[in-house]
Structures are given as C-alpha cells and as structure tokens.
Amino acid sequence: MKKTLLREVIEWIQVIAIAFVVAIFINNVIITNSFIPTPSMETNLPVGSRLFGFRLTYKFTKPKRGDVVIFDYGFECKKCKEMYQKNDDQKCPRCGTESKGSKKVHFIKRVIGLPGEHVEVKQDYSIDQELFRDTRLADANAKVPCGHVYINGDRLDEDYLNEPMIVGMVGLRYGVQDRYMNFREVDVVVPEDTYFLLGDNRNNSEDARFWPNQFISMKDIEAKAYLIYWPFNRFGIIKGGEYGKEE
C-alpha cells in the first residue's frame with residue numbers, strides 16, 4: 001500500500017513537472033502573455049488590459065503597417081529605476097549603472113513606418129483645445145496645431161486614433177500627469193531592417209517621436225499582439241493590418 005501511494009505521488013510530480021516545462025516552452029517560444037500598464041495604446045488597449053501575442057508570426061513573415069507588436073525596448077535601471085532605451089554604452093543614461101542585471105522593459109506599439117519608407121509627422125490643421133480630453137494650455141482660447149502621418153508623401157488614414165494628433169507644439173503642458181511634451185514634426189527615412197512605431201493614444205504616448213533611437217530593429221520585435229482576454233467586455237482580436245492613405 002505504501003508503494004502504491006509512493007508511486008502515485010511520483011506520477012503526480014512527473015505530471016506537474018511536465019506541465020511546468022510545457023508552460024515555460026509555450027510562453028517563451030510560442031506565445032507571450034502581456035499586460036498594459038500605461039494609457040499609450042488607449043482606447044484600443046486600455047490600462048489594465050491583458051493580451052496574448054504570437055511569437056512565431058515574424059519567423060515566417062515581416063511586420064505589416066498597422067500590426068500591434070510587442071518588442072524589447074530597454075531596461076529599468078536597478079539603481080535609480082530610470083526606464084531607458086537600449087544603447088551602445090549599455091549603461092543607464094541618468095546614473096551610469098551598467099545595464100547588466102537591470103530589469104528588461106517591453107513596450108507595445110503599432111507599426112507605422114516600414115523599412116525604406118519616408119515617414120513624416122507634420123502639422124496640417126488646427127483645432128480648439130476644448131475638443132481634447134485633457135489638454136491644458138495657458139491660453140484657453142488657443143488653437144492647438146494638429147496633423148497627420150504621411151508615408152512617402154501619402155496621408156495615412158488612422159481610424160484607430162482616439163483624438164486628433166497634436167503636431168508642431170513644443171513644451172505643451174499636457175494631461176493629468178501635468179508634464180511637458182514636445183510634439184515636434186518628424187521627417188525621417190526608416191533604415192533597412194527597422195520599423196517606426198507609434199502609440200494609438202498619440203497625445204499621451206512615449207514612442208518613436210521621443211526615443212533617442214527612433215527606430216526599432218527587427219531582432220527586437222518579439223511577437224505580434226493578437227488577442228485581448230481581459231477585461232472580458234473587451235475580449236476579441238486586436239485590430240491590425242494594412243492601413244492606406246485617405247483619398
């Protein structure tokens with residue numbers, strides 16, 4: 001009887017061990033389970049959302065414009081907690097601590113510019129600030145400069161944005177965090193094997209417009225985000241794919 005009980009315990013340990021190994025394999029090779037901690041992808045991916053990404057997608061194909069991707073951005077400094085992009089110095093730009101041993105940071109953004117494309121973010125109209133959710137300017141009657149993304153001279157139709165995109169204003173006091181954002185115009189050509197990524201919540205997103213290195217290498221893109229599974233009321237496939245110019 002003791003041998004039977006021992007055998008059963010051993011079998012359960014084996015089952016649990018196999019399940020653990022399989023779970024690690026799936027999470028590190030096939031899918032990624034991600035959490036949205038900031039509002040940079042609202043309203044499509046609100047704060048607190050949980051989603052699955054598929055790691056094998058870009059083993060067989062290249063990212064397309066409109067894809068929402070999960071990528072290796074950089075580190076959170078183990079000493080001063082500064083979050084920073086990977087750099088050639090492999091050190092925290094604030095305190096000089098080496099990156100080795102610091103927590104890795106992953107971001108989720110949308111693919112906008114593809115390799116070799118000419119990407120412009122430029123002002124082409126203005127709007128009353130009252131039409132924005134949480135923009136505060138010193139002059140309540142001021143017009144806010146806004147604009148669009150242009151790919152090789154063609155205007156990109158971005159129907160996933162939650163409000164007009166501020167462009168061409170430096171030092172704007174923005175949002176509930178009461179911080180200053182420099183919404184400068186952008187005019188770049190995307191290098192080969194890299195991508196230009198932006199957040200959907202364009203006026204409250206730390207993205208390629210502000211990064212020291214504006215382009216994300218293909219080797220740092222880990223997965224394509226596919227499915228929101230939490231909260232349940234937003235359960236579904238993440239909108240992506242090719243977006244064209246506005247006629």
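Residues numbered from 1 in each chain as written. Predicted model: local features only at pLDDT ≥ 70, side-chain atom pairs only at ≥ 80, totals over all residues. Heavy atoms only, no water.

### A closer look at the overall build of the chain
The secondary structure content of the chain amounts to two helices and 16 strands. Sorting the 247 residues of the chain into buried and exposed places 43% on the buried side. Counted over contacts in the chain with a minimum sequence separation of 6, partners at least 24 positions apart contribute 64%. Roughly 14,100 Å² of accessible area belongs to the chain as shown, and the carbon and sulfur atoms make up 55% of that amount. (Helix = DSSP H or I, 4+ residues; strand = E, 2+ residues; numbered from the N terminus. Buried < 20%, exposed > 50% of the residue type's maximum accessible area, 1.4 Å probe, protein only. Contact = heavy atoms within 4.5 Å. Areas by Shrake-Rupley, 256 points an atom, 1.4 Å probe, with all protein chains shown as cover.)

### Considering the layout of surface pockets
Approximately 1,100 Å³ is the volume attributed to the largest pocket. Elements with a contribution of two residues or more to the lining of the largest pocket: β1 (31–35), β3 (68–76), β4 (83–85), β5 (103–113) and β14 (216–217). Residue contributions to the lining of the largest pocket peak at six residues, all from β5. Per-class residue counts for the lining of the largest pocket are 18 nonpolar, 15 polar and 12 charged. (1 Å grid on protein atoms, 1.4 Å probe; cavity = no way out; pocket = protein on both sides within 12 Å on 5 of 7 lines; lining within 4 Å. Points joined across faces, edges and corners; volume = space filled by probe spheres on them. Nonpolar A, V, L, I, M, F, W, Y, C, P; charged D, E, K, R; others polar.)

### Regarding the pattern of salt bridges
All chains considered together, the criterion is met by 11 salt bridges. As a salt-bridge pair, D67 and K224 come within 3.5 Å of each other at their nearest N and O atoms. Residue D67 is located in the loop between α2 (57–60) and β3, and its partner K224 is located in strand β15 (residues 221–230); the two are separated by 157 residues in the primary sequence. Summarising the burial analysis for this pair, D67 and K224 share the class buried. (Salt bridge = Lys/Arg side-chain N within 4 Å of Asp/Glu carboxyl O.)

### A short note on the environment of R94
Here R94 shows up in the loop between β4 and β5. A C-alpha to C-alpha distance of 8.9 Å links R94 and Y84, two positions 10 residues apart in sequence. Residues in contact with R94, not counting those within four places in the same chain, are C80 and E82. A polar contact is formed between the side chain of R94 and the side chain of E82, at a distance of 2.9 Å. (Polar contact = N/O pair within 3.5 Å; in protein donor to acceptor, adjacent residues only side chain to side chain.)

### Section: the confidence of the model for the chain
Confidence along the chain averages 86 in pLDDT terms, with 85% of residues attaining 70 or more. When the criterion is pLDDT under 50, residues 241–247 qualifies, and its contacts beyond four places in sequence or with other chains add up to 21 contacts. (pLDDT = per-residue confidence, 0-100.)

### Focus: the nonpolar core
Residues F71, I112, V149, F196, L197 and W211 are the most contacted members of the largest nonpolar core, which totals 30 residues. Elements with a contribution of two residues or more to this core: β3, β5, β6 (118–128), β7 (143–151), β12 (186–189) and β13 (194–198). Each residue touching F71, except ones within four places of it in the same chain, is listed here: V105, H106, F107, I108, K109, L197, W211, I216, D220, I221 and E222. If you look at the next biggest cluster of nonpolar residues, it comprises 11 residues, including I36, L45, V68 and I70. (Core = buried A, V, L, I, M, F, W, Y, C linked by side-chain atoms within 4.5 Å.)

### Some words on the pairing of β12
Burial along β12 is one-sided: V186 and V188 are buried, and none of D187 and V189, which face the opposite way, are. The sheet contact formed by β6 and β12 spans four bridges and is antiparallel. Within the sheet, the bridge partner assigned to E120 lies in β12 and is D187. (Pairing = 2+ DSSP bridges.)

### Some thoughts on the packing of aromatic side chains
Summed over all chains, the structure comprises 11 aromatic pairs. Centre to centre, the rings of F183 and F210 are 6.0 Å apart; their planes meet at 75 degrees, and the pair counts as edge-to-face. On the criterion of sequence distance, the pair formed by F183 in strand β11 (residues 179–183) and F210 in the loop between β13 and β14 is long-range, its members being 27 residues apart. The exposure class of F210 is partly exposed, given its relative accessible area of 23%. An aromatic cluster is defined as three or more aromatic residues linked by ring pairs; in this entry it consists of F71, Y73, F107 and W211. Above the plane of the ring of F107 lies K109, whose end atom (NZ or CZ) is 5.6 Å from the centre. Taking the ring centre of Y150 as reference, the NZ or CZ of K122 above it sits at 4.5 Å. (Phe/Tyr/Trp six-rings, centres within 6.5 Å; stacked < 30°, edge-to-face > 60°. Lys NZ or Arg CZ within 6 Å of the ring centre and 35° of its normal.)

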